[in-house]
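Architecture at a glance
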Amino acid sequence: MKKIVGIMAAAALAASAFAEINFGSWNRAVFVPFAYDGDTVRTLEGVSWSGTNYGGAGVRTGLGVSASTENAGFVMDFHNNPGDWGSEGIGLGDNGYVWVKPAEIFKVAFGKIDNNWGRLDHCFGTWDFWRFGNDLSVGEGFAGVERQKGTGAEFTLTPVEGLTIDYQANFASGNDDQDADYNGDGKSDQFVGNARAYEVFWETASIAVGYQADFGFIRAIVNGQRAGYNKDGDSVVAAKISVGADITAVENLNLKIGATLPTNLNGYAADGTTPAGFVKAGLGADYTLDAATIHAQAELAVNPKEIDTDNSVKLGDLGFRVGAGVDYNINDAFAAVVDFRYGTNKYMGESNDALGVYVGAKEKLANASFDFGVMFGKNVGPSVAPTKDEPFTFAVPLTITASF
């Protein structure tokens, strides 16, 4: 009898020492019964972030699994994207990692980590529906303020209240060429087991320092880059530095301010064919009234104008992208949504300027939303990303978003 009681007591102690396994699900599906591409009326289906440039890519149904105690945990999610970019079936999603807290102010995580801490976001309108082509529905990583991420290790330090220092070393960067062979051995350098330490800890790594204050959240992000070359052809350490702020000091007003600057404006390659990037700056605003929220944003890019034979880059080509929108709550169940976007070709890297307009409505359900509307414009799809001037196009997207 004592043995049985001892076993039961041990089982109860073990149960109290471990967290329960948590399950959740997030899903997004878009069906477009009518989409005119300037020549043919088509029917499309996909996820919202495919934009109007894709059809039949499958919808996102996802399952997230996690567990945690005071000092350890894991996060893993699965995505089912039938036909999504040629990959069918269920697979690992954005996350698959385990973490521990060796100390109250220090956290360590290993695995595939969708690390967006510190990223500057300004998302509204079509970002949650069928996004415009040509990346016109900008939202995440506003003004280039975003993190390199992938599979590797994350170290997070919170030494004082409000201050966070977060560093992630990556085998595969979400913002770089994951199949690159830098060392010339015929293999990808950036995957686990075949990466030089310098690549993992700098070239595809990211460090972010942020502070949450009464007036808002400010941060600085440094993303390491492949070694660049100066005008003499010598290799130099390269990085992209971003600063951003969410200012909430004014009641009902949320300002997003950000800028990104590469430390080396010359090419990654000695021949100067791959420029290190360009300067970006942006301002976004969201103002909430009684029944409406007004959105506005503007982004400016200073692009390379000329790459000389000595590999030096001259800036000068200016591009911009602007957007505006309104969400108006008609009642507790329905809201009207309007979204306007315009971008120049010198901002987006395409051959022509792009214009997009969306007018629609949202039905708000208990754990889901159903969105329907009309979108139209030039050089925003629905087609393959245009290399020539696209005619007037329109689409009628229907969007389901559901969480469980």
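Here the structure is a predicted model, which means the values were calculated and not measured. (Residues numbered from 1 in each chain as written. Predicted model: local features only at pLDDT ≥ 70, side-chain atom pairs only at ≥ 80, totals over all residues. Heavy atoms only, no water.)

Across its full length, the protein holds three helices and 21 strands. Going through the 404 residues of the protein one by one, you find that 40% of them count as buried. Counting only contacts in the protein whose residues sit at least 6 apart along the sequence, the fraction spanning at least 24 positions is 52%. Of the roughly 20000 Å² of accessible surface on the protein, 61% is carried by carbon and sulfur atoms. (Helix = DSSP H or I, 4+ residues; strand = E, 2+ residues; numbered from the N terminus. Buried < 20%, exposed > 50% of the residue type's maximum accessible area, 1.4 Å probe, protein only. Contact = heavy atoms within 4.5 Å. Areas by Shrake-Rupley, 256 points an atom, 1.4 Å probe, with all protein chains shown as cover.)

Turning next to the nonpolar core. Counting residues in hydrophobic clusters, the biggest one holds 14 residues, and the most contacted among them are Val32, Trp130, Phe132, Tyr358 and Met375. Where this core is concerned, the elements lending two or more residues are β2 (26-36) and β18 (354-364). For this core, the leading source of residues is β2, giving three residues. (Core = buried A, V, L, I, M, F, W, Y, C linked by side-chain atoms within 4.5 Å.)

With that settled, the discussion passes to a nonpolar patch on the surface. On the surface, a nonpolar cluster with roughly 830 Å² of combined accessible area is contributed by Tyr287, Leu289, Ile294, Val326, Tyr328, Ile330, Phe334, Val338, Val359 and Phe372. Listed by contribution, the elements that provide at least two residues to the nonpolar patch are β16 (313-329) and β17 (334-343). (Patch = residues over 30% accessible without salt bridge, like charges linked within 9 Å, V, L, I, M, F, W, Y side chains within 5 Å. Salt bridge = Lys/Arg side-chain N within 4 Å of Asp/Glu carboxyl O.)

Moving on, we get to the pattern of salt bridges. Applying the stated rule across the entire model yields 14 salt bridges. Across the pair Arg321 and Asp135 runs a salt bridge whose closest N-O atoms are separated by 3.8 Å. Of this pair, Arg321 sits in strand β16 while Asp135 is found in the loop between β7 (106-113) and β8 (150-157), placing the two residues 186 residues apart along the sequence. The exposure class of Arg321 is buried, given its relative accessible area of 5%. Its relative accessible area of 52% is what places Asp135 among the exposed residues. Across the salt bridge formed by Asp371 and Lys362, the nearest N and O atoms sit 3.0 Å from each other. We classify Asp371 as buried; its relative accessible area is 0%. In this structure Lys362 comes out as partly exposed when scored by relative accessible area, which is 21%. Salt bridges sharing common partners tie together Arg119, Asp121 and Glu140.

So, on to unusual backbone geometry. Backbone geometry at Ala143 places phi at a positive 60 degrees, although glycine is not the residue there. Mapped onto the fold, Ala143 is located in the loop between β7 and β8. In this structure, Asn379 is a non-glycine residue whose phi angle is positive, near 60 degrees. Checked against the element boundaries, Asn379 lands in the loop between β19 (368-378) and β20 (392-395).

What follows is about the packing of aromatic side chains. Summed over the entire model, instances satisfying the criterion amount to nine aromatic pairs. Relative to Phe217, the ring of Trp117 lies with its centre 5.8 Å away and its plane at 70 degrees, an arrangement referred to as edge-to-face. One end of the pair, Trp117, is in the loop between β7 and β8; the other, Phe217, is in strand β11 (residues 216-229), and 100 residues separate them in sequence. Judged by its relative accessible area of 29%, Trp117 is partly exposed. (Phe/Tyr/Trp six-rings, centres within 6.5 Å; stacked < 30°, edge-to-face > 60°.)

The space that makes up the second largest pocket amounts to roughly 160 Å³. Around the second largest pocket, the lining residues are Asn95, Tyr97, Lys107, Val108, Ala109, Ile113, Asp114, Asn115, Trp117, Glu154, Thr156 and Asp166. Counting only elements with at least two residues in the lining of the second largest pocket, the list comes to β6 (90-103), β7 and β8. Element by element, the count of residues in the lining of the second largest pocket is highest for β7, at four residues. Across the lining of the second largest pocket, the residue classes break down as five nonpolar, three polar and four charged. (1 Å grid on protein atoms, 1.4 Å probe; cavity = no way out; pocket = protein on both sides within 12 Å on 5 of 7 lines; lining within 4 Å. Points joined across faces, edges and corners; volume = space filled by probe spheres on them. Nonpolar A, V, L, I, M, F, W, Y, C, P; charged D, E, K, R; others polar.)

Turning to the confidence of the model for the protein, a few remarks are in order. Looking at the protein, the pLDDT average stands at 83 and 77% of residues meet or exceed 70. When the criterion is pLDDT under 50, residues 173-179 qualifies, and its contacts beyond four places in sequence or with other chains add up to 22 contacts. Of the regions scoring below 50 in pLDDT, residues 269-274 engages in eleven contacts with residues more than four places distant in sequence or in other chains. (pLDDT = per-residue confidence, 0-100.)

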